[in-house]
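Understanding the architecture of this molecule
Residue-level listing of the chains:
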Amino acid sequence: MSTAATATPPTGIASIGLHLPPLSMPVTELAPLRGQDPMKYTHGLGCETMSLCPPDYGVVELATEAARRAIARWGGDTERIGMLAVGTETAVDMSRPLSAWVADRLGLKGAVRSYEVKHACYGGTLALRQAAEWRLSGAAQDQAALVVAADVALYEPGDPGEPTQGAGAVAMVIDEPRVASIDPVSYAWSEPEFDFWRPIGDSYPSVDGALSLDCYKRAAENCFKALVGKRNPEEVLSELAAICFHVPFPKMVRKAVDQIGEFFGFGAERIEQLYADKVSPTMVWNRLCGNAYTASLWISVANALEGLAVGQRVAAFSYGSGFGAELLMLESGTEASAGIWAKDIEADLTAREQLDGAAYTRLRAQDDGKTILAEEIGLDVATSRFGKASSR
Ligand code: CAA
């Protein structure tokens, strides 16, 4: 191995691919089904539309399509992909990693370290950090990594979390930092808690909603405190073009910004301005797809990077229940301004079909073991470009 091969290669996000599933429903359709005021969901939680998966369409399809898009945009030789790391909390098997399903469909095999990462919504970020650190260590010998964050976030019908549901996937090739470089230094915080968990065999998560909010805010405060250190917080924040958060639902992010602002001694007006200028605009796509667990933060980051000039800095706060959090710093590269990956979201939003409350109820009936055909929920499989793909 030559010295040149082990030198630290330029490292960051070389390409991004996104994918949202083919169904959606506005949260205002859910509210009457659950006897709630729609304003609770739209204003109280800040939610707008949920992404939903039709029968036989799931995390494998989401992850694979996002990966396919990221690889096509990267344009490199897939022989150079030496790592495939998939972050998810929608595992399809307790042993076989989701990456094996993705690799199978993409035809990736051979000298590839392929694995799944689980840490609730933090798993995708961990996969990305591992990929970046693998390259920065020199061990990658200039191979590239394919990182995917993909999830289907469903709650039990009637659960308070139901209006926050969603689904989506983000894939990133970690190679030369054409889209964004990733700072080697990041700011982590973890504490063992039972705020949100899914015991083996359970279809839906168990949630201590109030505790989960407290944990998220505490993690955010500690990560931003570490970022600022002994510097003036205003000076640090002024260096950021955008501040992205994991988005369980937009109001949660607002609460975290309140807590961070108050910790730094900001008044209500300054916090409002910070949120409006640097945080809220990054959640445009999140509002249209709902919570996508591991993918949520990276949907927000993809949105924030689109249109940035070279050298602009973006903060990315990742949170996973249990809990672990990490604040990453990115810097936009030459391909950020074109933001070509926005086309993925535009195409998927245009293609997706909107359910009403009745169709949603029929869709969820399959969770009770009833077999539901795509036609029964109003999905026209004859014209659907997705057809009836199986996850297994
Ligand atoms: N009009 C306007 N606003 C209304 C309203 C109305 N008619 N009725 C209620 N509201 C407001 C409430 O005042 C409240 O606002 P504030 O928090 O600002 O006071 C808001 O709507 C929500 O009301 P509740 O607190 O009563 O909501 P809830 O108990 O029904 O559910 C939740 C809220 C706990 C967050 C629920 O969405 C949940 O369990 N979510 C899953 C867990 C989660 O997302 N946790 C976030 C951190 S953990 C994490 O990040 C991992 C992850 O992705 C899941």
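Residues numbered from 1 in each chain as written. Predicted model: local features only at pLDDT ≥ 70, side-chain atom pairs only at ≥ 80, totals over all residues. Heavy atoms only, no water.

A few points about the overall build of the protein chain
- Broken down by element type, the protein chain carries 14 helices and 15 strands.
- Here the protein chain has a C-alpha radius of gyration of 20 Å; the compact-globule value for 392 residues is 21 Å, and the two agree.
- On the principal axes, the C-alpha backbone points of the protein chain span a range of 60 × 55 × 40 Å.
- For the protein chain, the proportion of its 392 residues judged to be buried stands at 55%.
- Sequence-distant contacts, at least 24 apart, represent 77% of the contacts inside the protein chain between residues at least 6 apart.
- Surface exposure of the protein chain reaches about 15,700 Å², of which carbon and sulfur atoms provide 51%.
- With 35 positive and 50 negative side-chain charges, the protein chain shows a separation of 2 Å between the mean positions of the two kinds. (Helix = DSSP H or I, 4+ residues; strand = E, 2+ residues; numbered from the N terminus. Rg over C-alpha atoms; globule rule 2.2 N^0.38 Å. Buried < 20%, exposed > 50% of the residue type's maximum accessible area, 1.4 Å probe, protein only. Contact = heavy atoms within 4.5 Å. Areas by Shrake-Rupley, 256 points an atom, 1.4 Å probe, with all protein chains shown as cover. Lys, Arg positive; Asp, Glu negative; His and termini not counted. Charge placed at Lys NZ, Arg CZ, Asp CG, Glu CD.)

Comments concerning the site of the ligand
- Taken together, 25 residues surround the ligand, and among them K40, S212, H246, K251 and K255 come closest.
- One of the side-chain N or O atoms of K251 is found 2.9 Å from an oxygen atom in the ligand.
- Compared with its free state, where it exposes 1,000 Å², the ligand has 70% of that area covered by protein.
- Mapped onto the shell around the ligand, the elements with two or more residues apiece are α3 (38-44), α7 (209-228) and α9 (250-263).
- Here the shell around the ligand gets 4 residues from one element, more than from any other, and that element is α7.
- In terms of residue class, the shell around the ligand is built from 13 nonpolar, 8 polar and 4 charged. (Near = heavy atom within 4 Å. Polar contact = N/O pair within 3.5 Å; in protein donor to acceptor, adjacent residues only side chain to side chain. Nonpolar A, V, L, I, M, F, W, Y, C, P; charged D, E, K, R; others polar.)

Some words on helix α5 (residues 98-106)
- For α5, the set of buried residues is L98, S99, A100, W101, V102 and A103.
- Buried residues in α5 make contact with α4 (59-74), β4 (81-87) and β5 (113-117).
- Phi turns positive, to about 75°, at G107, one or two residues after α5.

What about empty space enclosed by the protein?
- Counting across every chain of the model gives 3 cavities of 30 Å³ or more.
- Volume-wise, the largest cavity comes out at about 70 Å³.
- Together, 16 residues line the largest cavity, and C47, P250, N286, G290 and N291 are the ones closest to its centre.
- Residue composition of the lining of the largest cavity, by class: 8 nonpolar, 6 polar and 2 charged.
- Each of domain 1 (12-181 + 339-390) and domain 2 (187-332) accounts for three or more of the residues forming the lining of the largest cavity.
- Approximately 50 Å³ is the volume attributed to the second largest cavity.
- What lines the second largest cavity is F224, L237, I243, F245, V257, I260, L274 and V279. (1 Å grid on protein atoms, 1.4 Å probe; cavity = no way out; pocket = protein on both sides within 12 Å on 5 of 7 lines; lining within 4 Å. Points joined across faces, edges and corners; volume = space filled by probe spheres on them. Domains from an automatic or database assignment.)

Some details on the nonpolar core
- In terms of nonpolar packing, the biggest core is built from 48 residues, with F224, I243, F245, V253 and F317 touching the most fellow members.
- Per-element accounting of this core gives the leading share, 8 residues, to α7.
- For this core, the domains that each give at least three residues are domain 1 (12-181 + 339-390) and domain 2 (187-332).
- Not counting chain neighbours up to four residues away, the residues in contact with F245 comprise Y216, F224, V253, A256, V257, I260, V279, L297, S300 and F317.
- Among the nonpolar cores identified, the runner-up in size contains 45 residues, and W134, A140, A180 and I345 belong to it. (Core = buried A, V, L, I, M, F, W, Y, C linked by side-chain atoms within 4.5 Å.)

Focus: the packing of aromatic side chains
- The final tally for this structure, using the stated rule, is 11 aromatic pairs.
- For the ring pair F263 and F264, a centre distance of 5.4 Å and an interplane angle of 65° mean the geometry is edge-to-face.
- When its relative accessible area of 37% is taken as the criterion, F263 is described as partly exposed.
- What links up through ring pairs into an aromatic cluster is the set Y216, F224, F245, F317, Y319 and F323.
- We note R254 situated over the ring of Y275; from NZ or CZ to the ring centre the distance is 5.0 Å. (Phe/Tyr/Trp six-rings, centres within 6.5 Å; stacked < 30°, edge-to-face > 60°. Lys NZ or Arg CZ within 6 Å of the ring centre and 35° of its normal.)

Some words on unusual backbone geometry
- Going from G322 to F323, the amide bond is cis rather than trans, its omega being -15°.
- Along the chain, F323 falls in the loop between β13 (313-320) and β14 (324-332).
- Located in the positive-phi region is Q141, a residue other than glycine, with phi close to 50°.
- Mapping Q141 onto the fold places it in the loop between α6 (123-136) and β6 (144-153).
- Residue Q141 is classed as partly exposed on the basis of its relative accessible area of 42%.
- A positive phi angle, near 65°, is found at D142, a position not held by glycine.
- Residue position: D142 is located in the loop between α6 and β6.

A short note on the layout of surface pockets
- Roughly 1,600 Å³ of volume is contained in the largest pocket.
- Lining of the largest pocket is provided by 48 residues; of these, E89, T90, A91, R198 and S203 occupy positions nearest its centre.
- When residues of the lining of the largest pocket are traced back to their parent elements, those giving at least two are β3 (49-52), β6, β7 (166-175), β10 (196-197) and α14 (357-365).
- Within the lining of the largest pocket, the residues separate by chemical class into 24 nonpolar, 12 polar and 12 charged.

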